[in-house]
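Architecture at a glance
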Amino acid sequence: MESNIRLINLASYTTPQISENPRLSWVEYGDDNNFFEYLIDRYNGSPTNNAVITGIVDMIYGKGVDAANAADNPAGYMELKRLIQPEQLKRVVNDFYMLGNAAFQVIYTADKSKIAEVYHMPVETLRAEKCNDEGEIEAYYYAYDWSKVRNKSQAERIPAFGYGAAGEKVEILYIRPYRSGSYYYSPVDYQGGLPYAELEEEIANYHINNIKNGLAPSMIINFNNGIPPQEEQDNIDFAIKQKWSGTNNAGKYILAFNDDSQKAATIEPVTLSEAHLQYEFLSKESTSKILVAHRITSPMLFGIKDNTGLGNNADEIKNAYNLLENIVTGK
């Protein structure tokens with residue numbers, strides 16, 4: 001007898017692979033060459049990760065670019081302020097923390113005698129060229145959507161800063177912190193918290209789908225006049241779905257075809273013991289581990305209240321901010 005039982009192997013989290021494909025000129029980031037998009041999804045899907053990243057980016061940016069010796073070189077300081085506009089710098093800071101890497105697009109004058117403009121370059125659109133014999137990265141490849149790139153002609157080569165030829169007016173200034181074992185791309189500071197950010201998303205998705213489906217099948221529809229051909233079963237199922245399912249008629253139904261009423265389908269629900277306690281633990285655990293990964297001294301800095309503290313609320317926020325500035329945002 002053919003078995004209707006299916007086993008599903010769930011995917012597990014793995015660190016991103018950085019690979020040099022011999023057929024390509026660039027270095028891929030992640031198994032599908034799309035790890036930056038994975039990080040963006042973790043930002044968009046996890047409320048804790050989203051709140052912490054947004055808060056830390058604001059702290060790093062502060063009041064924008066400044067110079068300690070502005071009074072000694074006012075002309076140079078004004079040129080710096082002209083070139084690096086606040087909104088462009090804020091985007092670079094956002095990429096640098098959220099994606100672990102960042103980039104400026106540097107545009108020269110026609111004669112390439114000086115820098116004319118500087119813009120933020122979305123780092124998720126860039127892939128590093130394989131290094132030369134001296135270990136230097138001479139260029140980066142640009143594509144709006146790397147998931148659609150299949151060959152070299154679909155990506156544009158842009159020289160790295162300082163490597164452009166005389167006639168090339170655009171270069172990429174790529175920014176990434178040093179990380180042991182990483183040469184082309186740097187992992188994010190909160191790398192260890194990514195599985196918990198994904199867990200937080202999945203908990204929310206589970207509860208949303210559970211509510212949309214009425215928490216449990218809401219009805220059983222038995223047809224006790226024999227078992228029709230598979231095509232007819234599918235047509236009946238489709239017709240019922242069209243009329244009764246959906247978010248306005250919350251809950252799913254079970255459709256059963258039987259030879260007679262004595263052979264009607266029976267339901268034996270598989271229940272999870274103390275499910276609410278397990279989901280509560282997973283939710284708190286994911287939040288806690290995300291905060292640890294970001295080295296957050298107090299969740300109150302980001303609007304997340306817990307039962308611990310460093311004294312009263314004012315003292316906690318002040319002390320926690322000073323500590324966070326010293327170990328994370330001020331490095």
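All of the points below concern the structure found in this document. Everything quoted here is computed from the prediction, not taken from an experiment.

**As for the side chain of E201**
- Note on placement: E201 falls in helix α5 (residues 194–212).
- Given the relative accessible area of 10%, E201 is considered buried.
- Beyond its immediate stretch of four places on either side in the chain, E201 contacts D41, R42, G45 and S46.

**What about helix α2 (residues 47–61)?**
- Spanning 15 residues, α2 covers 21 Å between terminal C-alpha atoms, matching the ideal 21 Å at 1.5 Å per step.
- When we look at burial in α2, the residues that qualify are T48, N49, V52, I53, G55, I56, V57 and Y61.

**Points about the pattern of salt bridges**
- This structure, assessed with the given rule, holds 9 salt bridges.
- For D189, the salt bridge identified is with R295, shortest N-O distance 3.5 Å. In this pair, D189 is assigned in the loop between β8 (170–175) and α5 and R295 in the loop between α7 (275–293) and α8 (313–329), connecting sequence segments 106 residues apart.
- By relative accessible area, which is 27% here, D189 ends up partly exposed.
- Residue R295 is classed as partly exposed on the basis of its relative accessible area, which comes to 34%.

**Side note on helix α4 (residues 86–98)**
- In this model α4 runs 18 Å from its N-terminal to its C-terminal C-alpha over 13 residues, within 8% of the 18 Å that 1.5 Å per residue would give.
- All of the buried residues in α4 are Q88, L89, V92, V93, D95, Y97 and M98.
- Looking at the buried side of α4, the elements it contacts are α1 (35–45), α2, β3 (102–108), β4 (115–120) and β8.
- Directly after α4, the chain includes G100, whose backbone phi takes a positive value near 80°.

**Observations concerning the nonpolar core**
- Membership of the largest hydrophobic core comes to 50 residues, with the highest contact counts inside it found for F36, L39, Y140, I172, Y174, Y185 and Y190.
- Top contributing element to this core by residue count: α1, with 6 residues.
- With residues up to four places along the chain from it excluded, the contact list for Y140 reads L126, R127, A128, E129, E156, R157, I158, A160, I172 and Y174.
- By size, the runner-up hydrophobic cluster in this structure holds 7 residues, among which are W26, A143, V149 and A155.

**Thoughts on unusual backbone geometry**
- One non-glycine residue with positive phi stands out, namely N33, at about 55°.
- Tracing the backbone shows N33 in the loop between β2 (27–29) and α1.
- The backbone of K112 shows a phi angle near 60°, a positive value even though the residue is not glycine.
- The topology assignment puts K112 in the loop between β3 and β4.

**What to know about the sheet that holds β3**
- Reading across from one edge, β4-β3-β8 is the order of the 3 strands in this open sheet, with antiparallel pairing throughout. Of all the strands in the sheet, the pair left with one neighbour each is β4 and β8. Adjacent strand axes in the sheet meet at a mean angle of 25°, parallel and antiparallel pairs treated alike.
- Inspection of the sheet shows β3 paired to β8 by 6 bridges, in the antiparallel sense. Along β8, the bridge assignment pairs V106 with E171.

**Side note on the sheet that holds strand β7 (residues 156–159)**
- The antiparallel open sheet is built from 3 strands, whose spatial order is β5-β6-β7. Here the strands that pair on one side only, and so sit at the sheet edges, are β5 (126–128) and β7. Neighbour to neighbour, the strand axes of the sheet diverge by 35° on average, direction disregarded.
- Alignment of strand β6 (residues 139–142) against β7, held across 4 bridges, turns out to be antiparallel. Across the sheet, Y140 pairs through a bridge with I158, a residue of β7.

**Regarding the packing of α2 against α4**
- One can describe the packing of α2 onto α4 by two numbers: an axis separation of 9 Å at closest approach and a directional angle of 130°. Between α2 and α4, the crossing angle belongs to the class labelled oblique. Between α2 and α4 lies a crossing of right-handed hand. For the pair α2 and α4, the contacting residues are I53, I56, V57, D58, I60 and Y61 in the first and P86, L89, K90, V93, N94, Y97 and M98 in the second.
- In terms of residue class, the contact of α2 with α4 is made up of 10 nonpolar, 1 polar and 2 charged.

**With respect to the environment of E138**
- Along the chain, E138 falls in the loop between β5 and β6.
- E138 sits in the partly exposed class, given a relative accessible area of 28%.
- With 34 residues separating them along the chain, E138 and I172 place their C-alpha atoms 9.7 Å apart.
- What E138 contacts, discounting residues up to four positions off in sequence, is E129, N132, R157, P159, A160 and Y163.
- Within the structure, the side chain of E138 is placed 2.7 Å from the side chain of N132, a separation counted as a polar contact.

**Points about the packing of aromatic side chains**
- Counted according to the given criterion, the structure contains 10 aromatic pairs.
- Ring geometry for W26 versus W146: centroids 5.0 Å apart, planes at 70°, classification edge-to-face. Of the two residues, W26 sits in the loop between β1 (18–20) and β2 while W146 sits in the loop between β6 and β7, which places them 120 residues apart along the sequence.
- Given a relative accessible area of 4%, W146 falls into the buried group.
- Judged by centre distance (4.6 Å) and plane angle (20°), the rings of Y29 and Y185 are stacked. Of this pair, Y29 sits in strand β2 while Y185 sits in the loop between β8 and α5; the two residues are 156 residues apart in sequence, bridging distant segments of the chain. One exposure class covers both Y29 and Y185, and it is buried.

What counts, and at which threshold
Residues numbered from 1 in each chain as written. Predicted model: local features only at pLDDT ≥ 70, side-chain atom pairs only at ≥ 80, totals over all residues. Heavy atoms only, no water. Helix = DSSP H or I, 4+ residues; strand = E, 2+ residues; numbered from the N terminus. Buried < 20%, exposed > 50% of the residue type's maximum accessible area, 1.4 Å probe, protein only. Contact = heavy atoms within 4.5 Å. Expected span 1.5 Å × (residues − 1). Salt bridge = Lys/Arg side-chain N within 4 Å of Asp/Glu carboxyl O. Core = buried A, V, L, I, M, F, W, Y, C linked by side-chain atoms within 4.5 Å. Pairing = 2+ DSSP bridges. Axes fitted to C-alpha atoms, helices over the stretch in contact; angles between N-to-C directions. Parallel < 35°, antiparallel > 145°, perpendicular 65-115°, else oblique. Left-handed = near helix turned anticlockwise from the far one by under 90°. Nonpolar A, V, L, I, M, F, W, Y, C, P; charged D, E, K, R; others polar. Polar contact = N/O pair within 3.5 Å; in protein donor to acceptor, adjacent residues only side chain to side chain. Phe/Tyr/Trp six-rings, centres within 6.5 Å; stacked < 30°, edge-to-face > 60°.

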